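Architecture at a glance
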Amino acid sequence: MYLISKIEDTVRIPPSRFEEPLNEVAIEIINESYVGKIDKKMGLMVTVKDIEEIGVGKVIMGDGAAYHEVVFNALFFKPELHEIVEGEVIEVTEFGAFIRIGPMDGLVHVSQVTDDYINYDGKRGALIGKESKKSLEEGNKVRARIVALSLKGKSSKETKIGLTMRQPNLGRVEWIEAEKEKRTKKGKSKKEKK
């Protein structure tokens, strides 16, 4: 889930940037400091949306930089347990598939791909269902549910997101569409029999 939050902080503007537009420099410096960092309550900071207020700068002796009190709006990505997410398969391994969900990656363990027994095809870089022949490859679009979540650490590289695709209306987009068509055809044939 994406959130927008208002944050108050102090930004240090170095003397070499005094002639540049203050708002643009402040946004750039705040982005360099915060983007990619994780706050346990807010999630991963994606970007600074805008600056609402910027105070008069104060120069500290011996530093030469101007320190401005700022109030800015930031965009965060915070995955929630049991949330349904859509993403793209970015890597397939023997033990599962890594899915890019927004600015973070999650793992669908091989046991959570489908109800079918799964084989790993190393040449294709794909997970393939033994009976259903369903395949999951890099670049596939998928829908999954978050079943495990650990936002420990300071960056997105230290997070762990566990995903499942074994529930109804989850999995590769093509699988979901095929299942819907099958249900629609079943519903039509039942009506025709009546």
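Residues numbered from 1 in each chain as written. Predicted model: local features only at pLDDT ≥ 70, side-chain atom pairs only at ≥ 80, totals over all residues. Heavy atoms only, no water.

**Considering helix α1 (residues 22-34)**
Spacing of three or four residues puts side chains on the same side of an α-helix, whose turn is 3.6 residues. Let me state the cut-off plainly: The secondary structure listing takes helices from DSSP runs of H or I that are at least 4 residues long and strands from runs of E that are at least 2 residues long, numbered from the N terminus. A helix is expected to reach a length of 1.5 Å times the quantity of its residues less one. Only protein chains enter the calculation, and the probe is 1.4 Å; a residue is then buried if its accessible area is under 20% of its type maximum, exposed if over 50%, and partly exposed in between. Contacts: residue pairs with any heavy atoms within 4.5 Å of one another.
Helix length check: α1, at 13 residues, gives a terminal C-alpha distance of 18 Å against a target of 18 Å (1.5 Å per residue), a fit within 8%. Buried within α1 are the following residues: Val 25, Ala 26, Ile 29, Ile 30 and Asn 31. On the buried face of α1, the contacting elements are β1 (2-13), β3 (43-54) and β5 (66-77). Taken from the residues just after α1, Gly 36 is the one with a positive phi, measuring 90°.

**A look at the domain arrangement of the protein chain**
Often the size quoted for an interface is simply the accessible area lost on bringing the parts together. In plain terms, the rule: Either an automatic procedure or a domain database provided the assignment from which the domain bounds are taken. Buried area: the accessible surface (1.4 Å probe) lost by two parts on joining, summed over both. Take a side-chain nitrogen of Lys or Arg and a carboxyl oxygen of Asp or Glu: if they are within 4 Å of each other, that pair is a salt bridge.
Domain assignment breaks the protein chain into domain 1 (2-77) and domain 2 (83-188). Its C-alpha centre places domain 1 at a distance of 37 Å from the equivalent point of domain 2. Listed as interface residues are seven residues of domain 1 and, on the opposing side, ten residues of domain 2. When the area that domain 1 buries against domain 2 is broken down by residue, the three leading residues are Ile 38, Leu 44 and Phe 77, summing to 64%. Summed over the shared surface of domain 1 and domain 2, the number is zero salt bridges.

**A look at the pattern of salt bridges**
In the structure shown here, the tally under the stated rule is twelve salt bridges. In this structure, Lys 49 and Asp 50 form a salt bridge, with 4.0 Å as the shortest nitrogen-oxygen distance. By relative accessible area, which is 27% here, Asp 50 ends up partly exposed. One salt bridge connects Lys 78 with Glu 80, and the closest N-O pair in it is separated by 3.7 Å. Residue Glu 80 is classed as partly exposed on the basis of its relative accessible area, which comes to 30%. Connected via shared salt-bridge partners are Arg 17, Glu 20 and Glu 28.

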